[in-house]
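Coordinates in review
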Amino acid sequence: MIKHLRSAADLDAETATLILDTAAEMAALSGREVKKLPALRGRTVVNLFYEDSTRTRISFEAAAKRLSADVINFSAKGSSVSKGESLKDTALTLQAMGADAVVIRHSASGAPHRLANWVDGSVVNAGDGTHEHPTQALLDAYTMRSRLGRLDGLKVAIVGDVLHSRVARSNVLLLTTLGAQVTVVGPPTLIPLDVAAALSEKTQVSFDLDAVLPDSDVVMMLRVQTERMQDSYFPSAREYSRRYGLDVPRLHKMPEHAIVMHPGPMNRGMEIAPEVADSPRSTIVEQVANGVSVRMAVLYLLLGGK
Ligand code: CP
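Only a predicted model underlies this, so the values are computations on that prediction, with no experimental measurement involved.

To continue, consider the pairing of strand E4 (residues 122-128). Within E4, seven of the seven residues are buried, leaving the element largely enclosed by the surrounding structure. Bridge analysis of strand E3 (residues 101-106) against E4 gives five bridges, and the strand direction is parallel. Bridging across to E4, valine 102 finds its partner in valine 123.

Near the ligand you find Ser53, Thr54, Arg55, Thr56, Arg105, His133, Gln136, Pro263 and Gly264, and these make up its full shell. Here an oxygen atom of the ligand and a side-chain polar atom of threonine 56 are 2.6 Å apart. Separating a nitrogen atom of the ligand from a backbone N or O atom of proline 263 is a distance of 2.9 Å. For the ligand, the protein covers 92% of the area, taking 260 Å² as the surface of the free molecule. Looking at the shell around the ligand residue by residue, the classes come out as one nonpolar, six polar and two charged.

Let's shift gears to the pairing of E3. Counting buried residues along E3, six of its six residues qualify, which places the element largely inside the surrounding structure. Because side chains alternate across E3, one face comprises the buried residues Ala101, Val103 and Arg105, and the other comprises Val102, Ile104 and His106, equally buried. Examined bridge by bridge, strand E1 (residues 44-49) and E3 share five bridges and lie parallel to one another. Within E3, the residue paired with valine 46 across the bridge is valine 102.

Basis of the calculations
The numbering scheme is per chain: residues are counted from 1 as the chain's sequence reads. Per-residue local features of the predicted model are confined to residues with pLDDT of at least 70, and side-chain atom pairs are confined, for both listing and counting, to 80 or more; whole-chain, interface and lining totals are unaffected and use all residues. For side-chain calculations, the full set of non-hydrogen atoms in the structure is used, while hydrogens and water are omitted. Buried, partly exposed and exposed residues are distinguished by accessible area as a fraction of the type maximum, computed with a 1.4 Å probe on protein chains only: under 20%, between the cut-offs, and over 50%, respectively. Counting from the N terminus, the helices are DSSP H or I runs at least four residues long and the strands are E runs at least two residues long. If DSSP finds at least two bridges between two strands, the strands pair. Whether a residue is near a molecule or strand depends on its heavy atoms: if one lies within 4 Å, it is near. Polar contacts, as counted here, are pairs of nitrogen or oxygen atoms within 3.5 Å of one another; within protein the pair requires one atom able to donate a hydrogen and one able to accept it, and residues that are adjacent in sequence qualify only if both atoms are side-chain atoms. Note on areas: Shrake-Rupley, 1.4 Å probe, and residue coverage restricted to the protein chains presented here. Charged residues are taken to be Asp, Glu, Lys and Arg, nonpolar residues to be Ala, Val, Leu, Ile, Met, Phe, Trp, Tyr, Cys and Pro, and polar residues to be all remaining types, Gly included.

Shown next, in the form of structure tokens:
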């Protein structure tokens with residue numbers, strides 16, 4: 001088993017499938033009367049969050065607690081980071097407290113890779129800058145497999161602000177490893193060809209959402225990350241929504257079996273209409289629930305739980 005999960009590229013098909021299968025076992029066990037498993041009793045998981053998060057932070061905490069680990073939650077806000085303490089010194093402080101795993105979210109791409117040089121325990125990337133978010137990709141793959149029964153040959157459209165999306169990068173890497181056919185869709189300013197080419201040779205690129213929808217099993221909508229872009233990238237929210245927003249008429253262009261996904265947080269009315277987000281075709285809430293089982297599997301396997 002791998003020691004760290006810094007990138008979806010750390011996962012070959014066998015390891016990724018083991019994580020998804022273990023997540024299914026975790027979901028089955030957690031669904032029964034026994035809510036808490038003793039697998040990581042006596043182990044310490046540190047959640048080290050330098051960027052805001054709702055879903056990822058809560059679900060890593062829930063996952064570690066359901067495995068009986070001790071959990072330390074560290075938020076950069078209100079810490080000695082505001083006094084200029086470096087990531088390395090913060091990491092060494094956590095190391096001194098005996099962290100068996102450090103789950104890190106950071107605005108700097110590559111921060112988990114650097115952290116892995118400074119701590120003895122496992123490092124799990126919970127989102128680094130615009131680079132990667134591998135556990136989001138795992139929970140997305142888990143959701144696709146549980147809803148549609150397979151990943152091999154599945155046609156997945158990832159739509160929107162690909163340029164700034166760590167979710168898109170990790171999903172392209174993981175889904176193509178597992179045999180899915182991925183098309184990234186968005187305006188040319190948010191999906192430059194060099195970015196698309198760098199993602200994977202197997203990835204298709206389209207600037208025309210309406211052309212892609214009828215041939216998609218999965219449509220994954222991305223939030224437009226205005227906080228990471230300059231104004232020149234994004235001329236008008238109304239124009240973006242008109243061309244790339246998933247509304248009810250576009251939902252009807254998708255095959256009847258096709259599902260709608262979104263990693264959250266979403267901007268209702270921009271990239272996704274409220275009626276679509278709340279429709280039975282949407283797996284958005286299911287993705288959040290699956291995130292706990294998937295993160296239980298990741299922590300359990302990385303830490304060699306019993
Ligand atoms: N999907 C995701 O990473 O959400 P949060 O930013 O709320 O953790």
